[in-house]
Amino acid sequence: MLSWNPSAQYRKVAEANRQYYAKTAYLYDATETCVTSATLQERLERDLDRVVSLIGKPPHTIRALDACGGSGNVSLKLLRRGIPTVTCDISLELLRILQARCETEDLTPQIICAEIASFLVAQPASFDLIVFSSALHHLEDIDGVLGLAVRSLAPGGVIFTTFDPISYPHRSARLILWLDYVAFK
């Protein structure tokens, strides 16, 4: 088992995320651009095809983790490719959306409601593919979580991140992006 001692701030941010998505899961799923945009969905499909080909294994033998997978934007795409997928998210409400979609398509993900770092520390298995989609910007300790993800990779495994805002070094740029985000929400 790996060592993970999250700061009080990390725990506070994680709990804020859990509470936020408890109230807004269906709104998020219906309005988040990376989930609703046909163009971005097509791009994600192409990117996943490339990432899966990098692994070089038959889809049914790939062990995938959709980290902070929410309502299953990535999980569903992996499952439809025949890739066994574990979806971990802190929001039970978002995971319920995924479960309902899987039931209508007769797909069977492994769904875990947990904070991602705690899950990675407790998880004994390794993954061939770990995906963070529109997730890293929600974490207080991105480097720490990515370090845990790297330790959870199988040899030759891949971490794929997508739909995360780029960090800008200037305060004014960060402020503008934050105001834009708050206005959207």
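These lines cover the structure that appears in this document, whether it is placed above or below.

The rules behind each value
- Starting from 1, residues in each chain are numbered consecutively following that chain's sequence as written.
- Side-chain atom pairs in this predicted model are given and counted only at pLDDT of 80 or more, local residue features only at pLDDT of at least 70, and totals for whole chains, interfaces and linings cover all residues.
- As a rule here, side-chain values come from all non-hydrogen atoms in the structure, and water together with hydrogens is ignored.
- Secondary structure elements follow DSSP: runs of H or I of four or more residues count as helices, runs of E of two or more count as strands, with numbering from the N terminus.
- Between buried and exposed lies partly exposed: a residue is buried under 20% and exposed over 50% of the maximum accessible area for its type, with that area taken using a 1.4 Å probe on protein chains only.
- Note on contacts: a residue pair qualifies if any of its non-hydrogen atoms lie within 4.5 Å across the two residues.
- With axes taken as lines fitted to C-alpha atoms, and helix axes fitted only over the stretch in contact, angles between N-to-C directions fall between 0 and 180 degrees.
- Here the angle decides the label: under 35 degrees means roughly parallel, over 145 means roughly antiparallel, 65 to 115 means roughly perpendicular, and every other value means oblique.
- Note on residue classes: Ala, Val, Leu, Ile, Met, Phe, Trp, Tyr, Cys and Pro are nonpolar, Asp, Glu, Lys and Arg are charged, and everything else, Gly too, is polar.
- Think of it this way: the bend at a residue is just the angle between two axes, each fitted to seven residues, one set ending at that residue and the other starting at it.
- The definition of a nonpolar core used throughout is a set of buried Ala, Val, Leu, Ile, Met, Phe, Trp, Tyr and Cys residues joined through side-chain atoms within 4.5 Å.
- Pairing between two strands is assigned when DSSP locates at least 2 bridges connecting them.
- Salt bridges are counted wherever a side-chain nitrogen of Lys or Arg sits within 4 Å of a carboxyl oxygen of Asp or Glu.

1. So, the overall build of the protein
Move 1: Secondary structure assignment for the protein yields eight helices and five strands.
Move 2: Per-residue burial for the protein yields a buried fraction of 43% across its 185 residues.
Move 3: In the protein, the share of contacts with a sequence separation of at least 24, taken over all contacts with a separation of at least 6, comes to 70%.

2. Remarks on the packing of helix α1 (residues 8-31) against helix α5 (residues 92-105)
Move 1: Here α1 crosses α5 at 40 degrees, and the two axes come no closer than 7 Å. The angle between α1 and α5 falls in the class oblique. From α1, Y21, A22, A25, Y26, Y28 and D29 reach across to α5, where they touch E93, L94, I97 and R101.
Move 2: Of the residues that constitute the contact of α1 with α5, the class distribution is seven nonpolar, no polar and three charged.

3. Topic: α1
Move 1: At T24, α1 shows its largest bend, some 75 degrees.
Move 2: Residues Y10, A14, N17, Y21, T24, A25, Y28 and D29 constitute the buried set of α1.

4. With respect to the nonpolar core
Move 1: In terms of nonpolar packing, the biggest core is built from 23 residues, with L78, L129 and F160 touching the most fellow members.
Move 2: Listing elements by their share of this core, those giving two or more residues are α1, α2 (33-36), α3 (38-55), α4 (73-80), α5, β4 (127-133) and β5 (153-162).
Move 3: Sort the elements by how many residues they give to this core and α3 lands first, with six residues.
Move 4: Membership of the second largest hydrophobic core comes to 20 residues, among which are A67, F119, L136 and L139.

5. A closer look at the sheet that holds strand β3 (residues 110-113)
Move 1: Strand order in this open sheet of five strands is β3-β2-β1-β4-β5, and the pairing throughout is parallel. Of all the strands in the sheet, the pair left with one neighbour each is β3 and β5. Mean inter-strand twist for the sheet, computed between neighbouring axes without regard to direction, equals 15 degrees.
Move 2: Where β4 lies against β5, six bridges are found, and the strand directions are parallel. Directly across from S133, in β5, lies its bridge partner T162.
Move 3: Sitting on the sheet, helix α7 (residues 142-151) touches β4 and β5, and the angle it makes with β5 is about 145 degrees.

6. Thoughts on the pattern of salt bridges
Opposite charge on two side chains permits pairing when their charged atoms draw close.
Move 1: Tallying each qualifying case throughout the model produces eight salt bridges.
Move 2: Linking K57 and D128 is a salt bridge whose minimum nitrogen-to-oxygen distance equals 3.1 Å. You can see K57 sitting in the loop between α3 and β1 (64-67) and its partner D128 sitting in strand β4, a full 71 residues away along the chain.
Move 3: Classification of D128 as buried rests on a relative accessible area of 6%.
Move 4: Here the salt bridges do not stand alone but share partners, grouping R43, D47 and R50 into one network.

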